[in-house]
Amino acid sequence: MPNVQIEPPHSDLPREKFEQLSSYIDSLDTARGALIEILHKAQDLFGYLPRDVQLFVARKIGIPAAEVFGVVTFYSYFTTSPKGKHTISVCMGTACFVKGSDEIFQAFKEKLNINSQETTKDGLFTLNNVRCIGACGLAPVVMVDEKVYGKVTLEDVEHIINTYRKEDSI
Amino acid sequence: MTKENMIHIHINHIPLEVREDITILEAAHKAGVKIPTLCHLDLHDLKLANKVASCRVCTVELIGKNSLVPACVTKVSEGMVIHTNSIRAIKTRRMAIELLLSNHPNECFTCPKNLECELQSLAKELGVREIKWIGERKKFEKDLSSDAIVKDPNKCIMCRRCETMCNEVQTCGILSAIGRGFKAFVGPAFDIPMAESSCTYCGQCVSVCPTAALTEVNHTDKVWEALADPNKHVVVQTAPAIRVAIGELFGIDPGTIATGKMVTALKRMHFDAVFDTDFGADLTIMEEATEFIHRMEHGGTLPMLTSCCPAWVKFIEHQFPELLDVPSTCRSPHIMFGTIVKTYYAQKYNLDPKNIVVVSVMPCIAKKAEAKRPELTKDYNTDVDIVITTRELGAMIKEAGIDFKSLPDSEFDHPLGETTGASVIFGTTGGVIEAAMRTAYEWITGEELKEVEFTQLRGMEGIREATIKIKDQNVRIGIAHGLGNARIILEKIRDGKSPYDAIEIMACPGGCIGGGGQPFHHGNDVIVKKRQQALYEEDRNKKIRKSHENAEVLKLYKEFLGQPYGEKAHRLLHTHYEKKDRI
Amino acid sequence: MKIDSIHTLEKLKEKSFKKVYLRNPNEAIYDDQKDILVCGGTGCIASDSNQLIKNLNLILKARGYDHKVNIIKTGCFGFCEQGPIVKIQPDNIFYVKVVPKDAKDIIDQHIIGGHQVERLLYKNPTNEERIHKHKDIPFYKKQLRIALRNCGRVNPEDIYEYVAFSGYEALGKALAKSPEEVIDLIKKSGLRGRGGGGFPTGLKWQLTRESEGDIKYIICNADEGDPGAFMDRSILEGDPHSIIEAMIIGGYAIGANHGIIYIRAEYPLAVERLNISIKQARELGLLGENIFNSNFNFEINIKYGAGAFVCGEETALINSVEGRRGEPSNKPPYPAQEGYWSRPTCVNNVETFANIPPIILNGPDWFSSIGTKESKGTKVFALAGKINNIGLVEVPMGTTLREIIYDVGGGIHKGHKFKAVQTGGPSGGVITEKDLDTPIDYEHLAEIGSMMGSGGMIVMDETNCMVNISKFYMEFIMDESCGRCTPCRVGTKRMHEYLQKITNGEATMENLDNLEQLAYMIKDGSLCGLGQTAPNPILSTLKYFSDEYISHIKDKVCPTKECKELSTPKNREVQI
Ligand SMILES: Cc1cc2nc3c(=O)[nH]c(=O)nc-3n(C[C@H](O)[C@H](O)[C@H](O)COP(=O)(O)O)c2cc1C
Ligand code: SF4
Ligand code: SF4
Ligand code: SF4
Ligand code: SF4
Ligand code: SF4
Ligand code: SF4
Ligand code: SF4
Ligand code: SF4
Ligand code: FES
Ligand code: FES
Ligand code: FES
């Protein structure tokens, strides 16, 4: 990968993260075909993929920004808005669905007063619905950040939310 | 093709022997069977092949296969039995159109593409009488941000022709599909307005879009208003490429020269003066050839690139900002012409430039935006006030109730109406450089050029090169049309590997004859070739075929401009470029 | 150390054997050593098996037993519903639903005291009896584990354990043959792709080998997008080396020196284990240059998905691996002709690969003796939904659905009534009571209007509304449509709208008729498998449960009351 010097954009985003991203890209054998890996890395670093980051990636690897944006908006894993402190993912895969996960999801929406893909006003929670996280044996499944809750009931919903609320107020 | 490569198939019970490397669509064509298409586009000469097979309007039934197959991309194979008109194929095709229409603002009356729209004509051809599957429709804001292109994603059918054109042929990378599924649409990065993108406004996406999702900004009303204003002196100029294309809008065969009828029509629309941009083109050659010789003799930057195509200028500003000293500083012909009208002509006829309206009729969408560039508008009110395309002029002629086909011929007005064969060929790829060479040759050698046609510079290859011997010098010339080809040349220049002294670049495949504002060719690229032949024919018919022999141009220098490339010419006829962001 | 011949591999196997001899059913050397196998699959980790392992270690140390007992974190046992699972070897005792605080009893009562912990034994749902031996549990009785052979048996992060169970022997054997011989062997075995299509694997390898080009690629499709199926994940987590070994063999057979694993970003544990395994294989010279001194070079890269179901489709997958939008392209050309960077490319599914080493080791005749006439070997199914034994099961092809649901799966949850089972995921169809005795293989499933798919098997009982289920699938497909072609982009949206109307009680019979017509045309007209199979759930529920549709439309009643709008009295009044 030829070392292309691209100045990080003047933005509120931390400069050192751009530098980290830049050296990650430089460390690849080739940037050809590596866009998705690079975006994964960028999202790990920044938490999301704001416009400046996408532009930086485009310029650094020499492809059109439209192409980067086209890819970012194709894959549901990539997000262009910042996420809350905790991400609550309710599994809406088939196994979970037939075990009533839509009601669980509904309960989260009501209790948090947000819709799917949205973040609460206090910035604490982002709510997502995902398609099977491979723990179907425990359906219905809810994942908060990396932690998996299995066989979730409607009563558990309040409890799960409170666990993170409490943890946060300490 | 040897006998072994021929295979046998049946289309609608017709036995056929065809080459093994063609598609069902091509085979059907040979059998006189028409299969409708929508997304498919294969412009051999212009090197555009859109093979996304996304619309599914061309589906046909293949015996022995479960689902239907798209004829546009499926290759034939030995023993294939194809039914293009079985009830199953017909119904599925119609379904595709109905589904598209179910997500479409069906407002053909008021649509810029009315009666020119491929979706509309397919709906008729396929006998769509009702839209059974109604449901939610996507709603988008129209993008009216730019001076050149209107983007209306509500009318987009995701054929992806524009993407292929912009990314693969033009390599501009402005357009991409965004999102996925029902919500997907086509647009620039971050869904920004076109005006904020690095779009060159070459308009090639517009020329291939089958619907009205991409169209030019319409300026015809402004022209009507100017014409109706008694205080305005309205001057019109027409580019070389218009005369060989405008007839198509009135059912005249492609490749017919309609200069005389066009001038008559303009006069009947009551323009105060009808001029030829060719005059500006001759002026451009005077300046460009002088600049070239100057650069050769004074160790200036070589190669020198032509600069009469604003899309190409914008391309280099966004994509190769480090090379901005390479293009000639000459303004484009119609802008030069506008300047002369607002200065020399105004003085001569005692007109206040503020009351002159210059209308350019161009094959080009980029020129709409060019005319609004700040450095070209700051001094003289505006140099060119309104730019309309060939298509818009056609529409105006129809609105004016002029029966174009039956018009008599007339001549351009003077003093700015004399033109040469050199300026006419500006409209095709290779023409500008050929015109420049006719002049440069005589100036450098001091001898008369007998054989004015540099056939080695002609053709449709994307990149061409030739060496022209002028005195003891070999001038190495490169030609590129289509911005993808321009990129190849620019990369060579950037890497110091370009062998050329002078390069002509045109953004549109084919040059202005294939411009984004020309009548739609609807996938028939032969039309573009015919326009080219017509331009060369017009050149041959001209008495004067070299720019520096244009008497009115020479008089202009004598009375007003002074020396070519001199101080005044510099101020009025040249420009500068600036580095622009790339998004 | 590098393995450069079958001979060094054998020596390494002997040396490694003492690591695993307690777990080998053929060995009768019992001493006071014990292995405690704890499931480290995603399901069990979710129910705290990591903490359990920590506790076990602490207590062992405290009791001074740590030199006698090994704790091995394995991959998924398949019995996830009962997780976390603990198995004690060589005693062959199987504990279920073990929580961290049970560690004390396991060590004190079982390991030290020699008594089984009765309350942790599996309870047969039909007669409430505790079952002691692993092999007696009905869930495992009818299973035959080939692809899952090492899941729940080895520590997936230890290449030596894999080698001890004959790992990489098949590679050694294959490299001693010509590529054509390897292909022949796979062809003879009758192995067919487990990713859904059921295309003969040997033939695919042959076609890729015969395609022109000096650079070729082999890709492992680990995208596993079918919600409710998790067999590929379990194999990657539980036995990653088997995939690596098979990919090297495949690469050798088709003439590829480069392999790519395309894996879902949602599978971090599988990714981690693959990375460890690749590193280990490289260290032993099993990846890299001149493998087994055969002049054959092979490298493997991992590429990540980013949340798009359609990227499981092979042409979309290739676009995605190239870093683009994962839109499928029209076939032909097939990947075997023109794939990754336009080179001949062979795409195989994880489970397909998992079958390769055993076939090479035991011979094609052994493999083809299992299964039915057209479908050989076994198939892994992910049993989920309203069934007692949720989990992964591997059974010979030809096992009936009834056997899987009632014998292996332990019957319907909470004594409810069986209504239907969906196979083939969102692309498949429902199967009802009357077809339960169908022996499962590619052909039979297609005959009864469903398909094998990747092996998801969702069981539904009488409380599940079939209209609602097909709406659920349609929503999934609509969300996952890439948007390239008209029938799927707009058509799936329209189908979903119709289903919405029906479950809201706003539809007419004419709407239903239109829906059915549209469904057939979308099947015919779509570009890729996603659109071509999208209408299947509608068509199959319409075939078997048309009365339920009609009840929603004509009577404005949802018989199961699952559809909220149609279960309240208000709506019923409208009807009267
Ligand atoms: C919409 C769609 C999704 C698919 N998803 C997967 C998948 O997740 N995993 C997989 O192995 N194959 C999937 N396939 C099948 C692949 O296209 C391909 O046939 C398979 O990977 C070939 O491997 P095999 O021959 O070993 O089965 C999918 C196909 C379609 C049409
Ligand atoms: S784009 Fe075509 S079909 Fe659509 S409104 Fe305009 S003319 Fe009609
Ligand atoms: S074509 Fe039909 S809809 Fe259109 S204006 Fe004429 S009558 Fe009206
Ligand atoms: S006008 Fe040219 S550069 Fe702009 S989007 Fe269209 S094709 Fe691309
Ligand atoms: S904008 Fe036009 S050319 Fe582009 S995809 Fe839409 S309909 Fe096709
Ligand atoms: S460059 Fe094109 S638009 Fe400009 S004057 Fe020449 S032919 Fe006309
Ligand atoms: S080639 Fe001609 S028509 Fe095309 S953008 Fe350039 S000047 Fe305009
Ligand atoms: S069928 Fe659906 S997923 Fe497949 S190409 Fe068409 S729109 Fe994309
Ligand atoms: S009757 Fe109600 S619960 Fe049953 S399928 Fe229909 S909408 Fe769903
Ligand atoms: S369906 Fe929810 S974890 Fe698989
Ligand atoms: S023309 Fe063939 S699919 Fe669109
Ligand atoms: S994850 Fe432990 S048994 Fe499946």
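Residues numbered from 1 in each chain as written. Chains lettered and ligands numbered in written order. Predicted model: local features only at pLDDT ≥ 70, side-chain atom pairs only at ≥ 80, totals over all residues. Heavy atoms only, no water.

Help me understand the overall build of chain C, please; the structure alone is not making it clear to me.
When you go through chain C residue by residue, the secondary structure sums to 23 helices and 16 strands. Taken against the 2.2 N^0.38 rule, which gives 25 Å for 576 residues, the C-alpha radius of gyration of chain C at 25 Å falls within 12% of a compact globule. Dimensions along the principal axes, computed over C-alpha positions, put chain C at roughly 80 × 65 × 40 Å. For chain C, with 576 residues in total, the buried portion stands at 65%. (Helix = DSSP H or I, 4+ residues; strand = E, 2+ residues; numbered from the N terminus. Rg over C-alpha atoms; globule rule 2.2 N^0.38 Å. Buried < 20%, exposed > 50% of the residue type's maximum accessible area, 1.4 Å probe, protein only.)

Is there a simple way to explain the packing of helix α10 (residues 231-238) of chain C against helix α11 (residues 240-254) of chain C in this structure?
Residues and elements named next belong to chain C. Their axes nearest at 5 Å, the elements α10 and α11 cross at an angle of 95°. For the element pair α10 / α11, the angle class is roughly perpendicular. Where α10 abuts α11, its residues Ile235, Leu236, Glu237 and Gly238 lie against Pro240, Ser242 and Ile243. Its residues assigned to classes, the contact of α10 with α11 shows four nonpolar, two polar and one charged. (Axes fitted to C-alpha atoms, helices over the stretch in contact; angles between N-to-C directions. Parallel < 35°, antiparallel > 145°, perpendicular 65-115°, else oblique. Contact = heavy atoms within 4.5 Å. Nonpolar A, V, L, I, M, F, W, Y, C, P; charged D, E, K, R; others polar.)

Mind showing me how you'd approach the site of ligand 2 here?
The environment of ligand 2 is made up of His104, Pro105, Glu107, Cys108, Cys111, Asn114, Cys117, Leu119, Lys155, Thr211 and Ala212 of chain B. In terms of residue class, the shell around ligand 2 is built from six nonpolar, three polar and two charged. (Near = heavy atom within 4 Å.)

Would you mind showing me how to read the interface of chain A and chain B here?
Quoted interface sizes are often the accessible area lost when the parts come together. With 15 residues of chain A in contact, the opposing surface of chain B contributes 16 residues. Counting the surface lost from both chain A and chain B, the interface buries some 1200 Å², and carbon and sulfur atoms represent 62% of this. Ranking the residues of chain A by area buried against chain B places Arg51, Ala66 and Phe69 of chain A at the top, with a combined share of 40%. Run the count over chain A and chain B and you get one salt bridge. (Buried area = accessible area lost by both parts, 1.4 Å probe. Salt bridge = Lys/Arg side-chain N within 4 Å of Asp/Glu carboxyl O.)

Just to check I follow, could you spell out the site of ligand 5 for this structure?
Close to ligand 5 lie Cys156, Ile157, Met158, Cys159, Arg160, Cys162, Val186, Cys209, Pro210, Thr211, Ala213 and Leu214 of chain B. Grouping the amino acids of the shell around ligand 5 by side-chain chemistry returns 10 nonpolar, one polar and one charged.

Got a minute to help me understand the domain arrangement of chain C in this structure?
Residue and element names in this part refer to chain C. Along its sequence, chain C is organised into domain 1 (19-137), domain 2 (159-367), domain 3 (378-461) and domain 4 (466-571). On a C-alpha basis, the centres of domain 2 and domain 4 stand 37 Å from each other. The partner domain 4 presents eight residues to the 12 residues of domain 2 that form the contact. With both sides pooled, the region where domain 2 packs onto domain 4 buries about 840 Å², and carbon together with sulfur makes up 70% of that total. If you look at where domain 2 meets domain 4, you find one salt bridge. Residue Glu327 pairs with Arg484 through a salt bridge whose shortest N-O separation is 3.0 Å. Grouping the constituent residues of the side of domain 2 that touches domain 4 by class yields five nonpolar, four polar and three charged. (Domains from an automatic or database assignment.)

I keep staring at the confidence of the model for chain C and nothing clicks. Help me out?
Any residue range with low pLDDT should be treated as having predicted coordinates unsuitable for detailed reading. All names here are of chain C. A residue-level look at chain C finds 97% of positions with pLDDT of 70 or above and a mean pLDDT of 93. For the stretch residues 570-576, pLDDT sits under 50, and the model shows seven contacts to residues farther than four places along the chain or on other chains. The ipTM, which scores confidence in the relative placement of chains, is 0.94 for this predicted complex, and the corresponding pTM is 0.94. (pLDDT = per-residue confidence, 0-100.)

Is there a simple way to explain the interface of chain C and chain A in this structure?
Counting residues at the interface gives 49 residues for chain C and 35 residues for chain A. In this assembly, chain C packs against chain A so that about 3400 Å² is buried in total across both faces, 60% of it on carbon and sulfur atoms. Of all residues in chain C, the largest losses of buried area upon contact with chain A belong to Ala306, Arg325 and Phe472 of chain C, amounting jointly to 17% of the total for that side. Our enumeration of links across chain C and chain A arrives at four salt bridges. If you look at where chain C meets chain A, you find 17 residue pairs in polar contact (both at pLDDT 80 or more). Mapped onto the side of chain C that touches chain A, the elements with two or more residues apiece are α2 (42-46), β10 (296-304), α13 (314-321), β12 (378-385), β16 (456-461) and α18 (466-480) of chain C. No other element matches α18 of chain C, which puts eight residues into the side of chain C that touches chain A. (Polar contact = N/O pair within 3.5 Å; in protein donor to acceptor, adjacent residues only side chain to side chain.)

So what exactly am I meant to see when it comes to helix α15 (residues 483-494) of chain B here?
Because each turn of an α-helix spans 3.6 residues, side chains separated by three or four positions end up pointing in the same direction. The end-to-end C-alpha distance of α15 of chain B is 16 Å, a good match for the 16 Å that 12 residues give at a rise of 1.5 Å each. Elements that come into contact with the buried residues of α15 of chain B comprise α4 (161-169), β14 (304-305), α9 (310-319), β17 (463-470), β18 (473-481) and β19 (502-506) of chain B. (Expected span 1.5 Å × (residues − 1).)

Got a minute to help me understand the packing of helix α2 (residues 87-102) of chain B against helix α3 (residues 118-125) of chain B in this structure?
The angle between the axes and the distance between the axes are what describe a pair of packed helices. Residues and elements named next belong to chain B. Two elements in contact, α2 and α3, have axes whose closest approach is 10 Å; the angle formed by their N-to-C orientations is 130°. On the basis of their axis angle, the class for α2 and α3 is oblique. The two elements α2 and α3 meet at a crossing, and its hand is left-handed. Residue-level contacts link Ile97, Leu100 and Leu101 of α2 to Leu119, Leu122 and Ala123 of α3. Across the contact of α2 with α3, the residue classes tally to six nonpolar, no polar and no charged. (Left-handed = near helix turned anticlockwise from the far one by under 90°.)

I tried to follow unusual backbone geometry on my own but got confused; where do I start?
Excluding glycine, residues mostly carry a negative phi; peptide bonds, for their part, are mostly trans. A cis amide bond links Gly83 of chain C to the next residue, Pro84 of chain C, at an omega of -10°. Residues Lys331 of chain C and Pro332 of chain C are joined by a peptide bond in cis, for which omega reads -10°. Despite not being glycine, Thr171 of chain B shows a phi value in the positive range, around 50°. In this structure, Thr171 of chain B sits in the loop between α4 and β9 (176-178). A positive phi angle is found at Glu224 of chain C, which is not glycine, with a value near 30°. The topology assignment puts Glu224 of chain C in the loop between β7 (217-222) and α10. Taking the relative accessible area as the measure of exposure, Glu224 of chain C reaches 8% and is therefore buried.

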